[in-house]
Every structure is written in C-alpha cells, then in structure tokens.
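Understanding the architecture of this molecule
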Amino acid sequence: MTQTMNRSMAIRSAAVIGSGIMGSGIAAHLANSGIPCLLLDIVPDRLTEEEEKRGLTLEHPSVRNRLATAAIAKMKKTNPAPLYVEEFADRITPGNLEDDLPKIAGVDWIIEVIVEKLEAKQELLGRIERHWKPGIVVSSNTSGISINEMAKGRSEAFRNHFMGTHFFNPPRYMKLIEIIPGRDTAPGLVLRMKEWCETKLGKGVVLAKDTPNFIANRIGTYGLLAILQEMAEKGYTVEEIDAVTGPAMGRPKSASLRTLDLVGLDTFEHVVDNVRSNVSDPREQALFSTPAVISDLVSGGRLGEKTGAGFYRKSKGAGGASEILALDLAVMDYRPQRKPSSGSLEAAKQAKGARGKLRALLGGGDRYSELAWNVLKRTLLYSAAKLGEIADSIEEIDNAMKWGFNWELGPFETWDAIGLVASAQRMEKEGEALPEWVRSWIAEGHTSFYAQESGGARSYAYEGRWRRVEEREEIVSLKSLKEQGKTIKANGGASLIDLGDGVACLEFHSPNNAIGADILSMISQGADEVRRNYEGLVIANEGKNFCVGANIMLLLMEAQEEEWDEIDGIIRQFQNAMLKLKRLEKPVVAAPHRMTLGGGVEACLPADLVIASPETYYGLVEVGVGLIPAGGGCKEFALRASEAAALLPGSDVQPHVIRAFETIGMAKVSSSGHDAKKLGYLRETDRVAANPDFQIYEAKQAVLRMARGGWEPVPERKLAVAGSEGKALMQLGAIGMRESNYISDHDLKIAKKLAHVLAGGDLPAGTLVSEQYMLDLEREAFLSLCGEPLTQQRMQHMLTKGKALRN
C-alpha cells in the first residue's frame, strides 16, 4: 500500500518556547526548512555585567529578549552547526514569554521545549491555551513525560490539537522524531503531522505510545543498562565494552560508554529514574536501577564530556599532544587505553555489512562473543516484550532504534540476521522466557520477522500474521529495483538501473564509490543507452557517501612508475566521459549526498540540474593531495565565471575567476547542500532536497518534467578567459600567502598551476576559447604535478590516513 502526501497540512510558521540546546536546535532546523519561527524564553531577573556597563535596565527589550537572542547568536558559532547556513538564522525572531506570548496566536505550530518537569509544562500549556486558536498544532518535545498528564486541565479542543513531538539531539543531524498522540489527539492530525515532518523537515517519524521514555529511549536505555550490568558482573574493561558494542555489533563508533559520555551521565541517570518512577511492575522497576558506577561518577562530578571526564578523559600526553585516557574501573582512575584484540573482533572487522559482522562476532566462541550475546539477547527479549505497550509494530521499534540511536539494524532485524529460530532455541536453553507472541510465531512455522515478497514489497510480523510495510511512493530503493531485475547494464564499479517511466539511474558502487575505469566506462555506455531508449538520466547511489573522488591509488601507482601516457589516458577518459554526459541530448539530473569530493563533484558538474541532499559536503579538494581538478572541474568553474560576467554587459570575468581560484585553491568543502550553493558549487537553478530519502524520486520527477516540458540541451559555447592579467593577479595573491607563511613552496607551485588553468593560460583577457582548450590546460597541469615527489608523498599520506580511518 502506498501512502501519498495529504496536501491539506500547511505549517507556514512556528513558535518554539524554550531556547536551550534542544529548543534552539529545533528552531534552527525549522529555519533550515524554510519555516519562520518565534523563539521565546523567560525574562531574565538580573542584568549581566556588560548590560550594567551599557546602562541598560531590566525593562530594556534587549535584556528581556536576552536568552533567545543569545541562543540565536550561538547557533552561528556552534560546531556541529545547527544551521545549514548562517543566514538562515534571520528566519528566527527572538522574544520573551511576558511580552511576546500573544504572538503565538498567529503561528501554525507551537512547540514547548522547557525544563523536563511535569508541573512546569502544565503551567506553560495553560498560558499557551489563553492565546491558542483552533487549528494551531501544539506539541511538547519531552523525552519521556506523559503527554496525557501534561494535557490535564486543558479543553477538549486544545487536547485534540496536542501531541508529543520528540526530536533527537542534535535536531539537524538526527533523523528521528517520535510523535506521541494523547488520548484525545485527532488521529487525522497525527497522520498529517507525520507526513509533514517527513516531507518538510526531512525526518523519519515513528508513532509511539504515551509510555515512559516512549520507544527509542526506552529500548536504548534498557540496552545500555544491560551492558553496564554485564560489565560489572564479568569484569570487562571500558575499552572492551566499546570494542564489542560499536561497529562490530552494527552500532556507532561511539559504541556505549563513549555515547554515555557524550549524552551526559547525569542525563542518563535522569532517563533511568524516569522509567523506574513511572512503571508499576516491580520487576521492571528493578531492571531500571541506576548502576553503581553511574552513581559514583555523577556524585563525583564526572558527568562525561561536559565536565571533561566520565568513562573517558582527555589529557595532555608527552610532548603536549592530546590523549584519551580510559577509566580503570578497579581504582576509578584514568590510565592509557588498552586496545582489545581477539579472534571474534578481528572476524567482525573483516566481515561485510552489519549482518555479517554480527554473525562473525557471535560465532567467535570467545569472551567477547559471550559479551555480545548476553547484552544482545536481553535487548531483543525486552524489545519483543514491549511490543504493543510502547508501539504497535516491530517496524516502529526497529526504525526508532535505527534513526534515534544510529543502529544499522533494529532489534527485530537483528533477530532475523542472527537466525530467529536458532537464537530463540538458544535463549530458551539458557533459561530465558520468550514472549508468548514470539513463541507462537515460531510455532506456526515462521523463521523470520520480516519477509520479502515478489515485486519487492516487504512484510513484517503483526498480530500473528504478515502485514505489508507501507512505503511512500517518494522512497525509491535502488537495491530493491536491482533485486527485481531492473538492472540494464552493470560492471564492477557501476550499474545502470531502470527507475521506470523512461528514466534510468547511473549508480556508483565501487569501494568508497571512488571513480575508476569501471565507472567511467559505465558513464559512457549509460549515456549511449539513455540516448537510444530513455527520456533522461539520474546520477545517484545509496552508498554511505556519494563519491570520495577519483581512484588515487591507481594514479599514485602510475606516477611512481612514471607511466605518464597511462595517466594522460586516464584523465582523457575522465574528461571525455564528463563531456559525454554534458552533451547528452536527454536531461541529466545528479543527486549527490554526504561526502561528494573531487571527481564526485566533477561527475555532477555536467548535469543539467543538481538536487543535493541537505547533508552534502561538496568540494573540489584535489589541491590537498598536490593536484588540481582535471576532470572538468576547473573548466566548469571558468565557464560559469564567463557566463556570470556575460549577464552584465561590460562586466569583467576576473572577479568571478578569482572567487573560483579561492574556492578550489583553498579546497573549500560545503557544510551542507545549501552552503554548496553559497560557495558557488551549485547554481541558482540547482536545488536541495528536504528529505534525503526522497532525493532519487525528486530527481526522477525533475527528469520527467524536463523531458516532457520542451527541454533542450544547451549548445556548446565558447568562454571568455581572464587571461594573463587575471593569472598574474591570482599568482600575486598566492605569492603573498607564501611570504606570510600561510602556504608552503609546493602549495605555491600548485596555486600557480591552478591560476594558469583558470585564467585560460597566457592569452589576452577576454579571449574566447573552447571547452576542449580548457580541458587540455587542466590535463597538462595535472600531469606536471603528478611528477612532483611532494605530490606523490601527499597522495601516499592520504591513502594511509584513509586506511587508518577505515580500520
């Protein structure tokens, strides 16, 4: 069954009440999504020293709005940045609860984000209702307080519009929002809010029940308690716990104890207490007892990263270098880390994918396998026992853990991965009690909680029967399409896939999606296939990153062997493939996401339209390894400079080329899709998708609109160059940086080569040249730099560093 967006939901403005870390983060993400919002907080009861010096009083507007104003200013300095670009902060208006609360009557959505105390939230909701008008959605961002308890004393109409909307921190980066309806929340409003948050805010939304800590924090907290208990009972070290419960189990690199340090041990203690205080079953209350190690650390002021020490502590080592020390649990003091090693950990490291890693870890037969099994089985059993209480479906629970805790597999997907029947038998053999519904499901002959149907649809276990996973038509899965036999052509590095409706998709799938001969060959073959049989082409993939650049290892090997003709041939093949895309008589739309570097950017530059993910880190970074872009990157920037100058008669191309020189020469990488536009990597006509899950769908629709709307390819035009004068100006700037010791001698050599190419060589300013002329300059400069020993050293260093990071 396919869901479609109900267009009647219209949220055009919002008010966020509470400007702390979460409130300001939510306001920032609303601003990221184009939603103007009020950010309100309490009025300060005393002046700061700076305000006293300025002669201000408590009645001055800047004092009364201080908290919200300071929160907005902080957004521009925070790292990781809550805003896609700083300018989006202009969409947020600061205010205070005494002067500005009546303004909430003019917004479409009010979000309460104040202190996690029931009485304070109830009092604020009463104040909100005095200004509330029917039709305005009101929600609380509580992480675990009862929605129904909060709504007590409010009118039925207000309760119809009230729900929980639990964002995860930081709101820009974390995918999950839990929507928690109250008893009286209008069901239609809940579904419309879910779809609006998915479509406009780009979130993954699960519907949770009004129970303590909802879904993700309930399961996640229990899982962490199981890990802490195992650590205490079996004597595992801090490093051993994190080595096992991180990527080896399909969990984030921060694993368990490092995650607790990041969250704050006092915060974790509060979350544990909240469950224990709000469940009635004594057995579950006992499960949520605060571990002694947490109590000891919190009472000693060691709260994690916020205080500089928790399970880990950053310290200055020998020579002043930073060193991360680990807590020795036997003496409760810090010591250098000791890296665990075992057969099971090594097997998990070598295995492919989360399922393979998990099976390798559990099958190792050592104490780390035992640790993984013991914490995993408890989490799986608890998740199954809570089905129906915290959520209506296993899909909601799985998605909550993947999107809120960054697990690669949810609990029930994990159970399938390790073998439902065999693992359940092992649990029972060890004296564990399976929830009755799991026992019945297995007794009926089922061997998994999920099943793949013919045609690509997916089903899951639901109330003793199979229920099809409901997916929005905007979600396009290339993996599913390939499983359905929709591959048109394929080789080791790339595939051409039929998206339907006459649109093909070029997918990279080489290691790290690095561009090599296979991908270049498929680009050429794909362009020919689309020209003959399709209406247009999408360039997209489902890798962790869109593309990290060209295959540096291949280039380094050829350079070390002084195979200059081979390198020349590789670069010519790259340039020709990009030109073939650009000259294709059918529309091409690129859909980059996350890291899109070097050759990845150059693969997008020929596209007629780019629809980037909001989290696209986009940059021509070749100078970092001692090279310059040579797959058309320099040529395209010079072409855009020429086109920009041509828009204003009499305008000089030189300022536009200098901007390109700075962007490429400093290897600038965008901090978001919107920032890529600000840096000039994306054109004004390019777009940023709101939801990355919808990106391929949006790219396909764009191709169809272009193909059916009279689109015509842009004919090749000559470009005006900055010439020798522009080259001299750029090189002069680089020489100044060298004299100021900002760059090295080798950096200066690279900068001079880059200036030569972007300026169009030594021609007179304004000379018209062909794109091929610029490509030849790129290739010549690239080849000359490949022969530099320092460039080869940088390439080797990059490869070594990349291998270390992957390990």
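A short tour of the structure in this document, coming up. (Residues numbered from 1 in each chain as written. Predicted model: local features only at pLDDT ≥ 70, side-chain atom pairs only at ≥ 80, totals over all residues. Heavy atoms only, no water.)

So, about the sheet that holds strand E6 (residues 137-140). Hydrogen bonds between backbone groups are what pair the strands of a sheet, and the pairing can be parallel or antiparallel. Spatially, the eight strands line up as an open sheet ordered E4-E3-E2-E5-E6-E7-E8-E9, and their pairing is mixed. Among the strands making up the open sheet, the edge pair consists of strand E4 (92-96) and strand E9 (204-207). Averaged over all pairs of adjacent strands, the angle between their axes in this sheet comes to 25°, without regard to strand direction. Pairing geometry for strand E5 (residues 109-112) and E6, over four bridges, is parallel. If you follow glutamate 112 over to E6, its bridge partner there is serine 140. The strands touched by helix H4 (residues 66-75) are strand E3 (37-41) and E4; relative to E4, the strand with the most contacts, the crossing angle is about 150°. Against the sheet, helix H8 (residues 187-199) engages E5, E6, strand E7 (162-167), strand E8 (176-181) and E9, with an angle of about 160° to E9. (Pairing = 2+ DSSP bridges. Helix = DSSP H or I, 4+ residues; strand = E, 2+ residues; numbered from the N terminus. Axes fitted to C-alpha atoms, helices over the stretch in contact; angles between N-to-C directions. Contact = heavy atoms within 4.5 Å.)

We now examine the packing of aromatic side chains. Applying the stated criterion to the full structure yields 17 aromatic pairs. Ring centres of tyrosine 222 and phenylalanine 288 lie 6.2 Å apart, and the angle between their planes is 50°; on these two criteria the pair is classed as tilted. Within this pair, whereas tyrosine 222 is found in helix H9 (residues 216-234), its partner phenylalanine 288 is found in the loop between helix H13 (282-287) and helix H14 (292-299), the two being separated by 66 residues in sequence. Since its relative accessible area comes to 7%, tyrosine 222 is described here as buried. By relative accessible area, phenylalanine 288 is classed as buried at 0%. A centroid spacing of 5.6 Å and a plane angle of 80° characterise the contact between phenylalanine 637 and tyrosine 681, whose relative ring orientation is edge-to-face. Of the two residues, phenylalanine 637 is situated in helix H27 (residues 633-646) and tyrosine 681 in the loop between helix H29 (673-678) and strand E25 (687-688); the sequence distance between them amounts to 44 residues. Phenylalanine 637 gets classed as buried once you look at its relative accessible area, which sits at 6%. Stacked on the ring of tryptophan 373, the Lys or Arg arginine 426 has its end atom at 4.0 Å from the ring centre. Seen from the ring of tyrosine 462, arginine 467 lies directly overhead, with NZ or CZ sitting 4.2 Å from the centre. (Phe/Tyr/Trp six-rings, centres within 6.5 Å; stacked < 30°, edge-to-face > 60°. Buried < 20%, exposed > 50% of the residue type's maximum accessible area, 1.4 Å probe, protein only. Lys NZ or Arg CZ within 6 Å of the ring centre and 35° of its normal.)

Turning our eyes to something else, we now look at the sheet that holds strand E13 (residues 450-452). If you trace the three strands from one edge of the open sheet to the other, you get E13-E14-E15, paired in antiparallel fashion. Only two strands of the sheet have a single neighbouring strand rather than two, namely E13 and strand E15 (465-468). Across the sheet, the axes of successive neighbouring strands diverge by a mean angle of 35°, strand direction being ignored. Across four bridges, the pairing between strand E14 (residues 458-462) and E15 is antiparallel. Directly across from alanine 461, in E15, lies its bridge partner tryptophan 466.

Time to look at the nonpolar core. Leu228, Leu257, Phe311, Trp415 and Phe449 are the most contacted members of the largest nonpolar core, which has 102 residues in total. Among residues more than four places away in sequence, those in contact with leucine 257 are Leu228, Met231, Val238, Ile241, Asp242, Phe311 and Tyr312. (Core = buried A, V, L, I, M, F, W, Y, C linked by side-chain atoms within 4.5 Å.)

Running from N to C, H27 and helix H33 (residues 771-786) cross one another at 135°; their axes reach a closest spacing of 8 Å. The orientation of H27 relative to H33 falls into the category oblique. Between H27 and H33 lies a crossing of right-handed hand. When H27 is examined against H33, the residues Gly633, Cys634, Lys635, Glu636, Ala638 and Leu639 are found in contact with a partner set consisting of Glu771, Met774, Leu775 and Glu778. Classifying every residue of the contact of H27 with H33 by side-chain character gives five nonpolar, one polar and four charged. (Parallel < 35°, antiparallel > 145°, perpendicular 65-115°, else oblique. Left-handed = near helix turned anticlockwise from the far one by under 90°. Nonpolar A, V, L, I, M, F, W, Y, C, P; charged D, E, K, R; others polar.)

Once that is clear, we can look at the pairing of E3. With respect to burial, E3 is a largely interior element, five of its five residues being buried. Strand direction decides the pairing type here: strand E2 (residues 14-17) and E3, joined by four bridges, are parallel. Residue pairing for E3: alanine 15 is matched across the bridge by leucine 38. Following the chain from E2 across helix H1 (residues 21-32) to the adjacent parallel E3, one finds a crossover that is right-handed. Relative to E4, E3 runs parallel, the two sharing five bridges. Considered in E4, the bridge of leucine 39 is made with proline 94. (Right-handed = clockwise from strand over helix to strand, strands pointing away.)

Another point: the environment of leucine 224. The topology assignment puts leucine 224 in helix H9. Filtering out sequence-adjacent residues up to four positions away, leucine 224 remains in contact with Ser256, Leu260 and Phe268.

One pass over the structure, following the stated rule, counts zero disulfides. Not engaged in a disulfide, the cysteine cysteine 604 finds its nearest cysteine sulfur in cysteine 547; these two sulfurs lie 8.2 Å apart. Lacking any disulfide linkage, cysteine 634 is separated from the closest cysteine sulfur, that of cysteine 786, by 13 Å. (Disulfide = S-S within 2.5 Å.)

Before going further, it helps to examine unusual backbone geometry. Cis geometry is found at the peptide bond from asparagine 79 to proline 80, where omega equals 5°. Of the consecutive residues asparagine 169 and proline 170, the connecting peptide bond is found in the cis state with omega at 0°. Located in the positive-phi region is glutamate 562, a residue other than glycine, with phi close to 55°. Inspection of the secondary structure assignment puts glutamate 562 in the loop between helix H24 (552-560) and helix H25 (564-583). One non-glycine residue with positive phi stands out, namely alanine 667, at about 50°. By the secondary structure assignment, alanine 667 is in the loop between helix H28 (654-665) and H29. We classify alanine 667 as partly exposed; its relative accessible area is 22%.

This part covers H4. Note: α-helices contain 3.6 residues per turn, so residues at a spacing of three or four share the same orientation. Residues of H4 that are buried include every one of Arg66, Ala68, Ala71, Ile72 and Met75, and no others. Here the buried face of H4 lies against H1, E3, helix H2 (49-53), helix H3 (61-64) and E4.

Glancing now at the environment of glycine 153. With respect to the helices and strands, the residue glycine 153 is situated in the loop between helix H6 (147-150) and helix H7 (156-160). Since its relative accessible area comes to 69%, glycine 153 is described here as exposed. Considered as a pair, glycine 153 and methionine 401 are 248 residues apart in the sequence and their alpha carbons are 33 Å apart.

All right, on to the pattern of salt bridges then. In a structure, side chains of opposite charge can pair up when their charged atoms sit close to one another. Applying the stated criterion across every chain, the model contains 61 salt bridges. Measuring nitrogen to oxygen at the nearest pair gives 2.7 Å for the salt bridge that ties lysine 582 to glutamate 636. Separated by 54 residues along the polypeptide, lysine 582 in helix H25 and glutamate 636 in helix H27 bring together distant segments of the chain. (Salt bridge = Lys/Arg side-chain N within 4 Å of Asp/Glu carboxyl O.)

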